[in-house]
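# Report on the structure
Here is how the chains run, residue by residue.
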Amino acid sequence: MTAARDAVMTVKELETFLAAEFPQAFGPGRAHHVERVGLKTATVRLDADESHLRPGGTISGPAMMALADVAVYVALLAQIGPVALAVTTNLSINFLRKPAPGPLFGDARIIKLGKRLAVGEVGIRGPGDDELVAHCVATYSIPDRPKA
């Protein structure tokens, strides 16, 4: 778990911030973990358990959508700092194949970072696998930030 040189928040700073602001996803017994951050990138791990499965023994679509949303949010915060009120304005996901139960990784990349909007994409994959199980594009609204 390392932070790249061009991110303004480290993995540890992000996890601390997210645990305080979003304990439902990052609190005790949490399922999401920030693996790494870099220049406009982040990887978030979902430790999927029984609560994330749907009938047929696969990880549910809503669990993968949450992973994608969190991964873009983390990649964005790593670039702009702790802005809790940056919010998703659009999220589109394509489910490509059925993931096996177990951990999933969301590899996010910010495609465009403007003053008010950020667009990112996420590839969701299993551990040690380059084959995507889902691909997502999300847009975030960035609130006005106080002047320094």
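Residues numbered from 1 in each chain as written. Predicted model: local features only at pLDDT ≥ 70, side-chain atom pairs only at ≥ 80, totals over all residues. Heavy atoms only, no water.

## What about the UniProt feature "domain: Thioesterase" (unreviewed entry) in the protein?
Taking the numbering used here, the UniProt-annotated feature "domain: Thioesterase" (unreviewed entry) corresponds to residues 56-129. End C-alpha to end C-alpha, residues 56-129 measures 21 Å, and it is 27% helix and 42% strand. (UniProt positions renumbered as here; feature names shortened; annotations may be inferred. Helix = DSSP H or I, 4+ residues; strand = E, 2+ residues; numbered from the N terminus.)

## Here's the deal with the packing of aromatic side chains
Under the definition given, this model contains 2 aromatic pairs. For the ring pair F22 and Y73, a centre distance of 5.6 Å and an interplane angle of 90° mean the geometry is edge-to-face. Of the two residues, F22 is situated in the loop between α1 (11-21) and α2 (23-26) and Y73 in helix α3 (residues 61-80); the sequence distance between them amounts to 51 residues. Residue classification places F22 among the partly exposed residues on the basis of a relative accessible area of 26%. Taking the centre distance of 5.7 Å and the plane angle of 25° together, the rings of Y73 and Y140 count as stacked. Of the two residues, Y73 is situated in helix α3 and Y140 in strand β8 (residues 132-141); the sequence distance between them amounts to 67 residues. Y73 sits in the buried class, given a relative accessible area of 6%. Y140 gets classed as buried once you look at its relative accessible area, which sits at 4%. (Phe/Tyr/Trp six-rings, centres within 6.5 Å; stacked < 30°, edge-to-face > 60°. Buried < 20%, exposed > 50% of the residue type's maximum accessible area, 1.4 Å probe, protein only.)

## What to know about the environment of I124
Among the secondary structure elements, I124 is positioned in strand β7 (residues 117-125). The spatial distance from the C-alpha of I124 to the C-alpha of M65 is 9.6 Å, given a sequence separation of 59 residues.

## Description of the pattern of salt bridges
Working definition: two side chains of opposite charge can pair if their charged atoms are close together. Scanning all chains against the criterion turns up 7 salt bridges. Here R125 ties to D107 by a salt bridge, and the two come within 2.6 Å at their closest N and O atoms. Of this pair, R125 sits in strand β7 while D107 sits in strand β6 (residues 103-113); the two residues are 18 residues apart in sequence, bridging distant segments of the chain. On the accessibility criterion, D107 (24% relative accessible area) is partly exposed. Connected through shared salt-bridge partners, E35, R45 and D47 make up one network. (Salt bridge = Lys/Arg side-chain N within 4 Å of Asp/Glu carboxyl O.)

## Brief notes about the nonpolar core
Core analysis: the largest hydrophobic core is formed by 45 residues, its most contacted members being L18, V37, V74, L76, L77, V122 and I124. Ranked by residue count, the leading element in this core is α3, at 14 residues. (Core = buried A, V, L, I, M, F, W, Y, C linked by side-chain atoms within 4.5 Å.)

## Digging into the pairing of strand β1 (residues 32-38)
A regular strand places its side chains on the two faces of the sheet in alternate fashion. Among the 7 residues that make up β1, 5 are buried, leaving the element largely enclosed by the rest of the structure. In this structure, β1 lies alongside strand β2 (residues 41-47), joined through 6 bridges in antiparallel fashion. Opposite H33, over in β2, you have R45 as the bridge partner. Linking β1 to β2, which pair antiparallel, is a turn of 2 residues; within it K40 sits at a positive phi near 60°. (Pairing = 2+ DSSP bridges.)

## A closer look at the side chain of T43
In this fold, T43 is placed in strand β2. Here D107 takes part through its side chain, which lies 2.8 Å from a polar atom of the side chain of T43. The residues contacting T43, other than those within four sequence positions of it, are H33, V34, E35, R36, F105, G106, D107 and R125. (Polar contact = N/O pair within 3.5 Å; in protein donor to acceptor, adjacent residues only side chain to side chain. Contact = heavy atoms within 4.5 Å.)

## Some points on unusual backbone geometry
You will see that K40, though not glycine, has its phi angle at about 60°, which is positive. Here K40 shows up in the loop between β1 and β2.

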